[in-house]
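Observations on the three-dimensional arrangement
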Amino acid sequence: MKQLYKFRPNYFLHTILAVVLLCTLTWKTAARGIQEPDFRKPLTRAAVAADTTKPGSRPDSLKPLSLSLADTSRKPGIDSNGREARVDTFSLKLSKDSLDAPLRYEAEDSVVILVQGKKVLMYGKTKTDYKDITLTAPQVELDQQTQVVTAVNRKDSTGAIREVAKFKSAESEFTSDTIRYNFKTQVGLTKNTYTVQGEIMIKTDLAKKVNANTTFASKTVFSTCMLDDPHFGIKTNKMKLINQKLAVSGPAHLEFEEVPVPVYLPFGFYPLSQGRHSGLLRPNFVTDEQRGLGLQHLGYYKVLSNYWDLEVSGDVYSYGEWAAGAKATYRKRYRYNGFFQVTTRSSKLNFKNDPDFSRTRVYSINWAHSMDAKARPGVNFSANVNASSTKFNQLVPNNPFVNYNNQQGSSITYSKTWKDKPFNLTLSANHNQNNSLRLIDLNLPNVAFSVGTVYPFAGKNSVGNKWYHKLGIAYNGNFNNRVSFFDSLSYGKNGVKPFFRYLLDTAQWSSQHSIPITLSLPPILGGRVIVSPGISYSVNLIQRVTNFFWNETLKKVDTVTTKGVFLDQQSSASLNFSTAIFGRYEFKKSRITAIRHVIRPQIGFSYTPDLNKGHIKSSQVDTTGKRLYYNEMNGFFLYNVSSRKSAAMTFSIDNNIEMKVKPKKDTVFANGEKDKKVKLIEGFGLNGSYDFIRDSMNLSNISLYMRTTLFDKISINANAILNPYQKDARGYDTRRYAWQDGKFRLGRLTSGNISLSTNFQSKPKDPKKDAQRKKMVQDRLNDPALVADQQRLLEYMQQNPSEFVDFNISWQLSFSYSLSFVYRPKPDFSGFENDFTSGLNFNGSFNLTPKWKLSGSGSYDFDTKKIQYLTMSINREMHCWQLSINVIPVGITRSFNFSISPKAGILQDLKINRTRNFSSF
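Small disclaimer: the values here were computed from a predicted structure and weren't measured. (Residues numbered from 1 in each chain as written. Predicted model: local features only at pLDDT ≥ 70, side-chain atom pairs only at ≥ 80, totals over all residues. Heavy atoms only, no water.)

Observations concerning the overall build of the chain
When you go through the chain residue by residue, the secondary structure sums to 6 helices and 57 strands. For the chain, the share of sequence-separated contacts (at least 6 apart) that also reach a separation of at least 24 residues comes to 52%. With an accessible surface of roughly 55300 Å², the chain has 58% of that area assigned to carbon and sulfur atoms. (Helix = DSSP H or I, 4+ residues; strand = E, 2+ residues; numbered from the N terminus. Contact = heavy atoms within 4.5 Å. Areas by Shrake-Rupley, 256 points an atom, 1.4 Å probe, with all protein chains shown as cover.)

Quick notes on the packing of aromatic side chains
Each aromatic ring pair is specified by the distance between its two centres and by the angle formed by the two planes. Under the criterion given, the structure shown has 24 aromatic pairs. Measuring from ring centre to ring centre gives 4.8 Å for tyrosine 737 and tryptophan 739, while their planes differ by 5°; the resulting arrangement is stacked. Take tyrosine 737: its relative accessible area is 15%, and that puts it in the buried class. Ring centres of phenylalanine 821 and phenylalanine 836 lie 5.6 Å apart, and the angle between their planes is 25°; on these two criteria the pair is classed as stacked. Separated by 15 residues along the polypeptide, phenylalanine 821 in strand β51 (residues 811-825) and phenylalanine 836 in strand β52 (residues 832-849) bring together distant segments of the chain. Here a set of aromatic residues connected by ring pairs shows up, and it is made of Tyr130, Phe167, Phe174, Tyr181 and Phe183. Geometry around tryptophan 418 places lysine 416 over its ring, the cationic atom sitting 5.3 Å from the centre. The residue whose ring lies beneath lysine 853 is phenylalanine 807, and the NZ or CZ to ring-centre distance is 5.9 Å. (Phe/Tyr/Trp six-rings, centres within 6.5 Å; stacked < 30°, edge-to-face > 60°. Buried < 20%, exposed > 50% of the residue type's maximum accessible area, 1.4 Å probe, protein only. Lys NZ or Arg CZ within 6 Å of the ring centre and 35° of its normal.)

Topic: the environment of serine 176
One can find serine 176 in strand β14 (residues 173-176). Distance in space between the C-alpha atoms of serine 176 and lysine 203 is 9.5 Å, their sequence separation being 27 residues. Excluding residues within four positions of it along the chain, serine 176 makes contact with Val164, Ala165, Thr190, Lys191, Asn192 and Thr193. A polar side-chain atom of serine 176 sits 2.9 Å from a polar atom in the side chain of threonine 193. (Polar contact = N/O pair within 3.5 Å; in protein donor to acceptor, adjacent residues only side chain to side chain.)

Observations regarding the pattern of salt bridges
Taken as a whole and judged by the stated rule, the model has 19 salt bridges. A salt bridge links lysine 555 to glutamate 552, with the shortest nitrogen-to-oxygen separation between them at 3.1 Å. Residue lysine 555 is classed as partly exposed on the basis of its relative accessible area, which comes to 47%. The residue arginine 596 makes a salt bridge to glutamate 658 at a minimum N-O spacing of 3.4 Å. Pair noted here: arginine 596 is in strand β40 (residues 592-608) and glutamate 658 is in strand β44 (residues 646-661), with a separation of 62 residues, a long-range link. (Salt bridge = Lys/Arg side-chain N within 4 Å of Asp/Glu carboxyl O.)

Some points on a negative patch on the surface
A contiguous patch of negative charge, built from Asp228, Asp229, Glu257 and Glu258, is present on the exposed surface. Following the sequence through the fold, glutamate 257 ends up in the loop between β21 (252-256) and β22 (259-265). (Patch = residues over 30% accessible without salt bridge, like charges linked within 9 Å, V, L, I, M, F, W, Y side chains within 5 Å. Lys, Arg positive; Asp, Glu negative; His and termini not counted. Charge placed at Lys NZ, Arg CZ, Asp CG, Glu CD.)

So, unusual backbone geometry
Of the consecutive residues leucine 444 and proline 445, the connecting peptide bond is found in the cis state with omega at -10°. Locating proline 445 in the fold gives a position in strand β34 (residues 439-454). With a phi angle near 60°, glutamine 186 is a residue other than glycine that sits in the positive phi range. Take glutamine 186: it is sitting in the loop between β15 (178-182) and β16 (188-197).

Here's the deal with the nonpolar core
Judged by nonpolar contacts, the single largest core of 22 residues is most densely connected at Ile179 and Phe183. Sorting the residues of this core by element identifies β6 (103-107), β8 (119-130), β9 (133-143), β10 (148-152), β13 (165-168) and β15 as the ones contributing at least two each. Top contributing element to this core by residue count: β9, with 5 residues. Look past the residues within four positions of phenylalanine 183 in its chain and what remains in contact with it is Leu99, Leu103, Thr128, Tyr130, Ile133, Leu142, Gln147 and Val149. (Core = buried A, V, L, I, M, F, W, Y, C linked by side-chain atoms within 4.5 Å.)

Some words on the sheet that holds strand β43 (residues 636-637)
Taken together, the 3 strands give an open sheet; going across it, the order is β41-β42-β43, and neighbouring strands pair in antiparallel fashion. This sheet does not close on itself; its edge strands, each paired only once, are β41 (616-620) and β43. Of the pairings in the sheet, the one linking strand β42 (residues 627-631) to β43 comprises 2 bridges and is antiparallel in character. Bridge pairing links asparagine 631 to phenylalanine 636 in β43. (Pairing = 2+ DSSP bridges.)

Some details on empty space enclosed by the protein
If you walk through the whole model with that rule in mind, you get 2 cavities of 30 Å³ or more. Considering only enclosed or pocket space, the largest cavity measures out at about 200 Å³ in volume. Considering the residues around the largest cavity, the lining is formed by 18 residues, among which Thr193, Thr195, Ala207, Thr215 and Leu241 are closest to the centre. Elements represented by at least two residues in the lining of the largest cavity include exactly β16, β17 (200-209), β18 (214-223) and β19 (232-242). Grouping the amino acids of the lining of the largest cavity by side-chain chemistry returns 7 nonpolar, 9 polar and 2 charged. (1 Å grid on protein atoms, 1.4 Å probe; cavity = no way out; pocket = protein on both sides within 12 Å on 5 of 7 lines; lining within 4 Å. Points joined across faces, edges and corners; volume = space filled by probe spheres on them. Nonpolar A, V, L, I, M, F, W, Y, C, P; charged D, E, K, R; others polar.)

Some words on the pairing of strand β31 (residues 379-388)
Alignment of strand β30 (residues 358-371) against β31, held across 6 bridges, turns out to be antiparallel. Of the residues in β31, the one forming a bridge with serine 364 is serine 388. In this structure, β31 lies alongside strand β32 (residues 407-417), joined through 6 bridges in antiparallel fashion. Bridge assignment links asparagine 384 to a residue of β32, and that residue is serine 411.

Thoughts on a nonpolar patch on the surface
A cluster of nonpolar side chains, namely Phe760, Trp811, Leu813, Phe815, Phe842, Phe846, Leu848 and Trp852, defines an oily patch on the protein surface of about 710 Å² accessible area. For the nonpolar patch, the elements supplying multiple residues, two or more each, are β51 and β52. In this structure, phenylalanine 760 sits in strand β50 (residues 748-761).

A look at the side chain of aspartate 610
You can see aspartate 610 is positioned in the loop between β40 and β41. The class of aspartate 610 is buried, set by a relative accessible area of 15%. Within the structure, the side chain of aspartate 610 is placed 3.4 Å from the backbone nitrogen of lysine 613, a separation counted as a polar contact. For aspartate 610, the residues in contact, after removing those within four places along its chain, are Ile616, Ser643, Arg644 and Lys645.

A closer look at the environment of phenylalanine 760
Phenylalanine 760 sits in the partly exposed class, given a relative accessible area of 31%. When the C-alpha atoms of phenylalanine 760 and tryptophan 811 are compared, they prove to be 8.4 Å apart, with 51 residues separating the residues in sequence. When sequence neighbours within four positions are dropped, the list of residues in contact with phenylalanine 760 reads Lys713, Trp811, Gln812 and Leu813.

A look at the pairing of strand β37 (residues 530-551)
Note that strand β36 (residues 508-519) and β37 share 9 bridges and pair antiparallel. Within the sheet, the bridge partner assigned to proline 516 lies in β37 and is serine 536. With 21 bridges joining them, β37 and strand β38 (residues 556-578) adopt antiparallel strand pairing. Paired with tryptophan 550 across the two strands is valine 557, which belongs to β38. Once β37 ends, the chain turns through 4 residues before running back antiparallel as β38, passing lysine 555 with a positive phi of about 55°.

What about the state of the cysteines?
Counting across every chain of the model gives 0 disulfides. Left unpaired, cysteine 225 is separated from the closest cysteine sulfur, that of cysteine 880, by 3.7 Å. Assessed through its relative accessible area of 0%, cysteine 225 is described here as buried. (Disulfide = S-S within 2.5 Å.)

Remarks on the side chain of serine 873
Checked against the element boundaries, serine 873 lands in strand β54 (residues 866-878). In this structure, serine 873 is in contact with Lys853, Leu854, Ser855, Ile885 and Asn886, ignoring residues within four places of it in sequence.

A short note on the confidence of the model for the chain
When pLDDT is averaged along the chain, the result is 81; 83% of the residues meet or exceed 70. Between residues 1-75, whose pLDDT stays under 50, and residues either more than four places distant or in other chains, the model counts 103 contacts. Predicted confidence is poor over residues 787-791, with pLDDT under 50, and the contacts of this stretch with residues over four places away or in other chains come to 10 contacts. (pLDDT = per-residue confidence, 0-100.)

What follows is the structure, given as C-alpha cells:
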C-alpha cells in the first residue's frame, strides 16, 4: 500500500502550544465578561488576541511570533454592542531549526516513524519533495533533529546494484549509491555519483556539495561518452564543479577503455554553460606543396551582445602566403537574422628572386540577411551577397567545389505592399560575375512600382453583373541601371578616379512603363472554353542606342553607341481561347485499370503595331554583302524580320498522361481511392505562332518540352527549339519550309537540352533513427550563414563530412547527367557553329562493415574527356568519436586529410588533424 504523509518539525511541541493557546483565550475571555467567540462560524473580521507569554516560560532557543486579528469594519475600539473593546495578543514561538516550506514524502512499501528518535524511515521506491528538490531512492532515512536525509541504493544477493538514489533540483541532477543531504544548509555528501552537465558526463567516487551551485569532487572521470562504462574519459583526483557554468580540475590525463595515456595536463578548465562563449579558435595544422607548412582558421570568437557575435580568423603559411577575415553574425528572434563576412587572401607564385615571381591579393564579401515575415507585415528586406575578386575562388585551398565555381551572383531587395491598397514598391540591387571571363555586371539601382488590377466600372453599389464590370486596368513601372567592367582592366597608378569615370561612361539606364488592360468574360460553349481578351501599352526610355556599321578596311562589323534620351513605344491587343480535353481508356483484365490523357490546347490572336519603325535598321555583316536587320534600341539582330509589326495567331498544346494501377494488397490511399495513380508523362507539348502580315517566313520557331519522373526515381527534363525552315550553305535560314522540295522533314533542332537525375538507396535500418537524423541535419543547415548560399552548404559538408555520414543507410547512389547544344552564329557572322556541352555528376556511399563507410563524389566532362573533380572519403563509426580520411586526387588543388576527434562540440579542440595540399598552378 502506498502511504502519504506530511511532516512538519516539532509536531508534538506545536500541538502542546496550540492547547495552551486555546485555554488561555478561554480564560481571558471569561475573566473580562466578554462573550466567548463561536469558532464554528467563519471569522471574517473578528478581533482575536492573547497576552504575551512571560519571560522564561519557553526555552531561550524559541523566538516569539505575534499574530493579531482585528475587525476593521467598525470604528477602532468599538465592539458589536457599541461598547469599548479591548484587544488581546498572543505569541507563537517556533524553533530555529524549523524548515521554511513543507516536506512531503511517500513510499511504496512502508513508512516507520520513530517518535523518540524523531526519525522517519521509508522503504520501497520512496519519493521526498522539498521546494524544488526531489529525492527518489529505494531506502531513505529522515532525521528531524538534524534535518539530514540519507538515501542509499539497493543491491541483490550477488551484490549487484538494482536501484540507485536520484537527486534532482532546479540547478542539478545526479544519481549516487549514497546521498546525505541537509535540506536547510543545502550541504550534502555523495558516493559513486553520476551526473550530466551539458555534453559532459561526470563520474566521481566522492562528492561534497557545499551550496546550491558548487560541488567539490575527488577521483573524478568526465567524458562525452554517455555509456555506463564510457569508452574514454579524462581522469583527475580533484575537481570543482559549478552547475551549468564551468568545471576546474587539477592534474588530469586521458584514459581509453580504462587504459591511461601517459600524457598529463597540469590543470583543466571546462565550460559547461550552454550557448555562446568568447574564446580562442583552435587552428588546423596543414602541409601544402605550394604554400608550405601552415595554420588554418587561427583566431578569436567574441560574443558582443545577446544579438551580435564576431569571429576574426586567418591562415598563415611558411612560404609567405596568408589570409585574414572577419565575420559578424546577428540574430534577433522574430525580427531578423544574418551575417556579414569580409575575407582577403594574399597569394604568391614562386619566390622573390625568381623571374616568374608574382603576388596576387584578392578579396571576398559575403552578406546574408533575412527578415521574419511577421516582424513588419507588408515589408520585407533580404540580402544575399556573394561577391569577390574573379581569382578568389581559384586560390582557395583544398576546396574543389569553390575552385570550379565560375558563376557568382548577389541580390539585395526591399519590398513594400500597402495594406488594403493595390500598390507595391520594390527596390533592388543585383550583381553577377563570370570568373572565367573576369566580367562583372552590376544592376543598381533597380526600382519597380506597380498598381494591381483595379476595376473602375465595378462600383460598390453596382447593380447586376455587366461585362464592363470586369474590365480591369493595371500599371507596371520600373527603372534600372547597368554597369559592366572587366576585373583584368588596369586604371593606372591613381586608379580610383579613372575607374569611376569608366563606370559612368559605360553605365546604361532605362525606364519602362506599361498599362495592361484585361477583361474577364464568362466561358462560352457551355463553360468549356475560356475567353481572355487583353490590351497593353508600354513606353520605354533608354539612355543610349547601338548601331552597327560594316568596316571595309578591317572587314568586320563595328559597333557605335550614341548617348541621349530615346523613346520606344509598344502596344498590342490579344484575344485568347483555352479549354481542356479529357480522354480515358479502361482495362478490364489487368492490374492497370485505366489510362487518362489530358490535352490543354490554347489559341490566341494578337496584333502589334510598329510604333517606332525608325529604330529598325540594317547593316552588312560579311564580305558577301549579306545584310541583317537589328533594333538599335537594344542592339539585338532580328535576322528574319524587318519590322516589329505583326498580326499573329499563337498556339500551344500541353499534355499529361496518367494511369491507375491496382495495388498487390488491398489498400486505401489518402484520397480515399483504392487504385494508385502513376504519372507516365507529367507534361509535354509545344508552342509557336504564325504571322499573317509577313511577306515570308510567317511561321515562328516551335518550342518543344517534356518532363516526367519514371518509377518515382528517374527525373527527366527536356526542351528544344525546332526551326521549320531550310538553311543555305552558310547556315542562314531560307524562305522555304523544311518539308518542301520533296523532303519530308518537320524541321531541324537549333538548340536544346536534356537532363536526367536519380537517387537510389537502401532502406534505413532504424526508421525512427533516420527521421531523427534528418531533423538534426536540417536544423544545422537552417543557420542563415549556410542557407543563404548553396556553395557554402557544399563547403560546410566537405569540411565536416562526419556530420553527414549516415551508417543507418547501407548504400546510396545518385547521379545526374546533362546535355545541351546550340546552333549559333560565329562572332564574325561568317556562318554558324554547333556548341555541345555534356557532363555527369555522381555521388555514392556504401558500408564496408557496420562501422566502416566508403563514400565519394565527382564530375566528368564528356567534352574534354576528363574528370573535373573527384573526392573520396572513408569514415569510421566510433560511438563517441569520429574518424575520417578524405582524399581529393584530381583537380586544381589535390589534398589528403586525416582527422580523428570526439563528436561532442565541447571537446572539438581535442582532435588529431593532418592535412596536406598539392596545387596544379
